[in-house]
Amino acid sequence: MVIKVCIGSACHLKGSYDVIERFRELIQKHKVEDQVELKASFCLGTCTSAVSVQVDDEEIISLLPNTVEDFFEDIVKDIRGEL
Amino acid sequence: MRKFENHVQMVKSEVYQKVAKYAFEGIMSERAKDIPEEINPGVNPRFRCCVYHERATTKERLHMAMGGDKHNDNLVEVLASACDRCLENRYVVTEMCRGCLAHHCQQNCPFDAITIVNNKAYIDQRKCKECGKCHAACPYNAIADVRRPCIKVCPTNAISIDDNRKAIIDNDLCIRCGACVYYCPFGAIQDKSQIIQVIEALKSKDNNVYAIIAPAIAAQFNYVEIGKVITAIKQLGFKDVIEVALGADLVAMNEAQELIERLDKGEKFMTSSCCPAFVQYIYKKYPEIKNNISSTISPMVATARLVKSIHPDACVVFVGPCIAKKDEEKVLSKDKSVDYILTFEELTGMIEAKTIDIHALEPAPLNNASYFGRSFASTGGVTGAVQEILKTKDIKMNINTRICDGIDECDKALKLAKVGRLENTFIEGMACKGGCIKGPVTMHYGGQDKKALDRYCNEAKEKQSDKALRVFDISKIDLH
């Protein structure tokens, strides 16, 4: 699974660097480094709903540093379910 | 609306607009021949002796906008029909000569070149050695120094006069600084453009063209806020707009590290490498010390590699106020990280060609780099950024910096360095006085430029270089 976080200007101003750092921490915490690849991306085209995040080729969603954890918990559940 | 600071800017812009318009519409090959007449219609000239002369100069500008002479590897060329063949003789007695009794001019001429005819001074140009003593001696300033502007500003004496009294450039001496381009009052020396290639890249369906923008943008668009310019750039078809100041942050970190390593190894000094005209100057005038140039790539190349580390298929277009940058990749860099290079003038021509009403646009943010990365655009910025990194890393090394503002100051420092008498350990060299915000093809030369840059620096979300780079895997980017 690839999680892309937009680091374009609009997303950066809304805290995309913090979003990436939260993801990094959570990936480590849940030890899912082998299943989840975290990538930065330039403009994903949805600047009004920053911070833009895309999982694989799914629809782009909007996250903030304080909503990353809930979102990631669901992802981890999915991964554990798959295993 | 954009206000041109002179007619040279205006006539260049007219050509860029036309070329961009026809290139976007895909009719350039059919319409190129019509452009000189479209820009100079009717029978009345605007500036020159006749409309046919104006069309001839427009034709040459058009040729430069379409890439210029492919067989000439210098991106700066003289437009023969635009060169006004300025006076050949440097010192000329003007009407201000009052026919005084003292004749200080004559007294001070070491070559006996001045005689008094009908009570007024007369210079025998065959004897004159252009020493300037008569010019300095006349209390009425009656002897004018009318050296050609291009020759006067060229720091490497690369410009001379041919048999037709037109300017010619010696490519081996030219450092591409662009001083002649800015100073020629006839706009007779110009830079070659890649505007058509950029437009073709934008028109392809790949949606992978990135604009990387030099921090000198802060002082370019004094008629519209930067946010609206960013929206306009995106409307041209660029996927994203990234600050070159982000690459500058990377450069600052790497250069600080490199400086420490070099001084540890016992080297006496290191020079900055971000100004390509300064680097060329060392290569051509002081080759003995070329190994002292920092091997760190420029912010432009660093930004391009950063973009390509995230999007490997990206097509990267640099936009800046610089002419020498157009040659940097080819001459100094190992690979083609930057695909195309534009000036702010050319970019503006593209925006105007699309008839985008820039004032009506919703502004978009531009914020990737740190305060220090942005400060690279004026003299002292590189040094400030490197010092800040040494400070935050708590490195107790005594760095003795020397900031060289303009090529004359660079020359003084390099002369000392060459003979081993330089006391400084870090030389920052900026070929343009004031730094990039005073580059040869900036759109605006005003007293407020530095203030505009300072404001822009303070608006950066990140205050320090390492913070601006914290999400990038910079270990994978080659910085040399």
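Rules used throughout
- Residues numbered from 1 in each chain as written.
- Chains lettered and ligands numbered in written order.
- Predicted model: local features only at pLDDT ≥ 70, side-chain atom pairs only at ≥ 80, totals over all residues.
- Heavy atoms only, no water.
- Contact = heavy atoms within 4.5 Å.
- Buried area = accessible area lost by both parts, 1.4 Å probe.
- Salt bridge = Lys/Arg side-chain N within 4 Å of Asp/Glu carboxyl O.
- Helix = DSSP H or I, 4+ residues; strand = E, 2+ residues; numbered from the N terminus.
- Nonpolar A, V, L, I, M, F, W, Y, C, P; charged D, E, K, R; others polar.
- pLDDT = per-residue confidence, 0-100.
- Phe/Tyr/Trp six-rings, centres within 6.5 Å; stacked < 30°, edge-to-face > 60°.
- Buried < 20%, exposed > 50% of the residue type's maximum accessible area, 1.4 Å probe, protein only.
- Lys NZ or Arg CZ within 6 Å of the ring centre and 35° of its normal.
- Pairing = 2+ DSSP bridges.
- Axes fitted to C-alpha atoms, helices over the stretch in contact; angles between N-to-C directions.
- Parallel < 35°, antiparallel > 145°, perpendicular 65-115°, else oblique.
- Left-handed = near helix turned anticlockwise from the far one by under 90°.
- Right-handed = clockwise from strand over helix to strand, strands pointing away.

Novice: Mind showing me how you'd approach the interface of chain B and chain A here?
Specialist: It is common to report an interface's size as the accessible area lost on association of the parts. Contact residues are listed per partner, giving 19 residues for chain B and 17 residues for chain A. For the chain B and chain A pair, buried surface summed over both sides reaches about 1600 Å², with 58% attributable to carbon and sulfur atoms. Of all residues in chain B, the largest losses of buried area upon contact with chain A belong to Lys461(B), Arg470(B) and Val471(B), amounting jointly to 37% of the total for that side. The interface formed by chain B and chain A holds two salt bridges in total. The shortest N-O distance in the salt bridge between Arg470(B) and Asp18(A) comes to 3.0 Å. Top contributing element to the side of chain B that touches chain A by residue count: strand 10 (residues 240-243) of chain B, with three residues. Class assignment of the residues belonging to the side of chain B that touches chain A gives a composition of 10 nonpolar, two polar and seven charged.

Novice: Before we go on, may I ask you to explain the confidence of the model for chain B in this structure?
Specialist: Model confidence for chain B is summarised by a mean pLDDT of 93, while 99% of its residues fall at 70 or above. Across the whole predicted complex the pTM is 0.92, and at the interface the ipTM reaches 0.89.

Novice: Got a minute to help me understand the packing of aromatic side chains in this structure?
Specialist: Any two aromatic rings considered together are summarised by their centre-to-centre distance and by the angle between their planes. One pass over the structure, following the stated rule, counts nine aromatic pairs over all chains. Taking the centre distance of 6.2 Å and the plane angle of 80° together, the rings of Phe23(A) and Phe71(A) count as edge-to-face. On the criterion of sequence distance, the pair formed by Phe23(A) in helix 2 (residues 16-29) and Phe71(A) in helix 3 (residues 68-82) is long-range, its members being 48 residues apart. Phe71(A) carries the same exposure label as Phe23(A), and that label is buried. Summarising the aromatic geometry, the rings of Phe221(B) and Phe344(B) are spaced 6.1 Å apart at their centres and angled 85° between planes, so their arrangement reads as edge-to-face. Here Phe221(B), found in the loop between strand 9 (209-213) and helix 10 (226-235), pairs with Phe344(B), found in helix 15 (residues 344-353); they are 123 residues apart in sequence, far enough to count as distant. A single burial state applies to Phe221(B) and to Phe344(B), both of which are buried. Of the aromatic side chains, those joined through ring pairs into one cluster are Phe23(A), Phe71(A) and Phe72(A). Lys354(B) extends its terminal NZ or CZ atom over the ring of Phe24(B), reaching a point 4.4 Å from the ring centre.

Novice: I tried to follow the sheet that holds strand 15 (residues 426-430) of chain B on my own but got confused; where do I start?
Specialist: Residue and element names in this part refer to chain B. Pairing is parallel in the open sheet, where three strands are placed in the order 11-15-14. In this open sheet, the two edge strands, each paired with only one partner strand, are strand 11 (270-271) and strand 14 (401-405). Sheet topology note: the strand 11/strand 15 ladder contains two bridges and is parallel. Within strand 15, the residue paired with Met270 across the bridge is Phe426. Strands strand 14 and strand 15 of the sheet are contacted by helix 17 (residues 381-392), whose axis makes an angle of about 145° with strand 15. The sheet contacts of helix 18 (residues 407-418) involve strand 14 and strand 15, and relative to strand 14 the element is tilted by about 140°.

Novice: Hey, could you run me through unusual backbone geometry in this one?
Specialist: Excluding glycine, most residues fall at negative phi; most peptide bonds, likewise, are trans. Positive phi outside glycine occurs at Lys31(A), with the angle close to 50°. With respect to the helices and strands, Lys31(A) occurs in the loop between helix 2 and strand 2 (37-41). A relative accessible area of 66% places Lys31(A) in the exposed class. A positive phi angle is found at Asn141(B), which is not glycine, with a value near 50°. Along the chain, the position of Asn141(B) falls in the loop between helix 6 (133-137) and strand 5 (143-145). On the accessibility criterion, Asn141(B) (60% relative accessible area) is exposed.

Novice: Quick question: what am I supposed to make of the packing of helix 1 (residues 7-25) of chain B against helix 15 of chain B here?
Specialist: For any two helices packed against each other, one specifies the crossing angle of their axes together with the interaxial distance. All names here are of chain B. Contact pair helix 1 / helix 15: the axes reach a minimum separation of 8 Å and the direction vectors enclose 55°. Our classification of the angle between helix 1 and helix 15 gives oblique. You can see that helix 1 and helix 15 cross each other, and the crossing is right-handed. Contacts between helix 1 and helix 15 involve Gln9, Lys12, Ser13, Tyr16, Gln17, Ala20, Lys21 and Phe24 from the former and Glu345, Glu346, Gly349, Met350, Glu352 and Ala353 from the latter. Looking at side-chain class alone, the contact of helix 1 with helix 15 contains five nonpolar, four polar and five charged residues.

Novice: Is there a simple way to explain the pairing of strand 15 of chain B in this structure?
Specialist: In the case of a regular strand, side chains alternate between the two sheet surfaces. All names here are of chain B. Counting buried positions along strand 15 yields five of five residues, so the element is predominantly enclosed. Judged by which residues are buried, strand 15 turns out to be covered on both faces: Phe426, Glu428 and Met430 on one side and Ile427 and Gly429 on the other are all buried. Regarding topology, helix 18 serves as the crossover connection from strand 14 to the parallel strand 15, and that connection is right-handed.

Novice: Teacher, can you tell me more about the pattern of salt bridges here?
Specialist: Residue and element names in this part refer to chain B. For the structure on display, the rule yields 35 salt bridges over all chains. One salt bridge in this structure joins Arg46 and Glu14, with 2.8 Å as the shortest N-O distance. You can see Arg46 sitting in the loop between helix 3 (35-39) and helix 4 (51-65) and its partner Glu14 sitting in helix 1, a full 32 residues away along the chain. When its relative accessible area of 19% is taken as the criterion, Glu14 is described as buried. A salt bridge links Glu77 to Lys192; the nearest nitrogen and oxygen atoms lie 2.9 Å apart. Of this pair, Glu77 sits in strand 1 (residues 76-78) while Lys192 sits in the loop between strand 8 (189-191) and helix 9 (195-203), and the two are 115 residues apart along the sequence. Considered together, Glu77 and Lys192 belong to a single accessibility category, that of buried residues. Overlapping salt bridges bring together Lys12, Asp191, Lys326, Glu345 and Glu346 as one network.

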